[in-house]
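# A look at the structure
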Amino acid sequence: MTSDNPDSLLFDCRQCGDCCRGYGGTYVSEEDIRRIAAYLGEDPARFQERYCQMSGRRPVLAQAANGYCVFWDKLCTIHPVKPRMCRRWPFIDAVLVDIQNWKSMGASCPGIRTDLPDDVVRQKITPLITPEDTDE
Ligand code: SF4
Ligand code: SF4
């Protein structure tokens, strides 16, 4: 879930939490781990042990028994330091790779506006997307 919204015409988060549910979605970088661990007053290694699972060779945030991210409790409980993936959504590189991804993402995220022409979405979204390796 995001609320750092640079364009409310394209996207308006409904706070439904659907993007915070389901296994394996939220990768955390070393920087994410450092930031969240510091916010929680945890040692980074201890944080990863307690709150992360491995997806292949990369850590993801763990799920609680209810299927939601361990940090979801009707809202994101680590909002000020949530992972980069959560902060960027839905303005992610995949939309520029294939504009159809915008509509695919909209099928599972009710905050994404899917009734705009592709060229309008592309034009508006391009300046909002920072390359994944430069926005830390
Ligand atoms: S699924 Fe979309 S609308 Fe719902 S909380 Fe996540 S970003 Fe917001
Ligand atoms: S860190 Fe927050 S925004 Fe990201 S999946 Fe977990 S609860 Fe949702």
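Attention now goes to the site of ligand 1. Inspection of the region around ligand 1 gives 13 residues, with Cys13, Cys16, Cys19, Cys109 and Gly111 positioned closest. Looking at the shell around ligand 1 residue by residue, the classes come out as seven nonpolar, four polar and two charged.

This paragraph deals with the site of ligand 2. Around ligand 2 sit twelve residues in total, of which Cys20, Cys69, Trp72, Cys76 and Cys86 are the nearest. Its residues assigned to classes, the shell around ligand 2 shows ten nonpolar, one polar and one charged.

So, on to the pairing of strand β2 (residues 58–61). For a regular strand, the rule is simple: side chains alternate between the two faces of the sheet. Only one face of β2 is covered, namely the face carrying Pro59 and Leu61; the face carrying Arg58 and Val60 is uncovered. Relative to β2, strand β1 (residues 52–55) runs antiparallel, the two being bridged by four bridges. Across the sheet, the residue bridging to serine 55 is arginine 58, located in β2.

Turning next to unusual backbone geometry. In the segment running from tryptophan 89 into proline 90, the intervening peptide bond is cis, with an omega of -5°. As for its placement among the helices and strands, proline 90 is situated in the loop between α3 (84–88) and α4 (93–97). Positioned with a positive phi, glutamine 15 is a non-glycine residue whose angle comes to about 60°. With respect to the helices, strands and loops of the structure, glutamine 15 is situated in the segment before α1 (30–40).

Reading guide: rules and limits
Residues numbered from 1 in each chain as written. Chains lettered and ligands numbered in written order. Predicted model: local features only at pLDDT ≥ 70, side-chain atom pairs only at ≥ 80, totals over all residues. Near = placed C-beta within 6 Å. Nonpolar A, V, L, I, M, F, W, Y, C, P; charged D, E, K, R; others polar. Buried ≥ 20, exposed ≤ 12 C-beta atoms within 10 Å, placed from the backbone. Helix = DSSP H or I, 4+ residues; strand = E, 2+ residues; numbered from the N terminus. Pairing = 2+ DSSP bridges.

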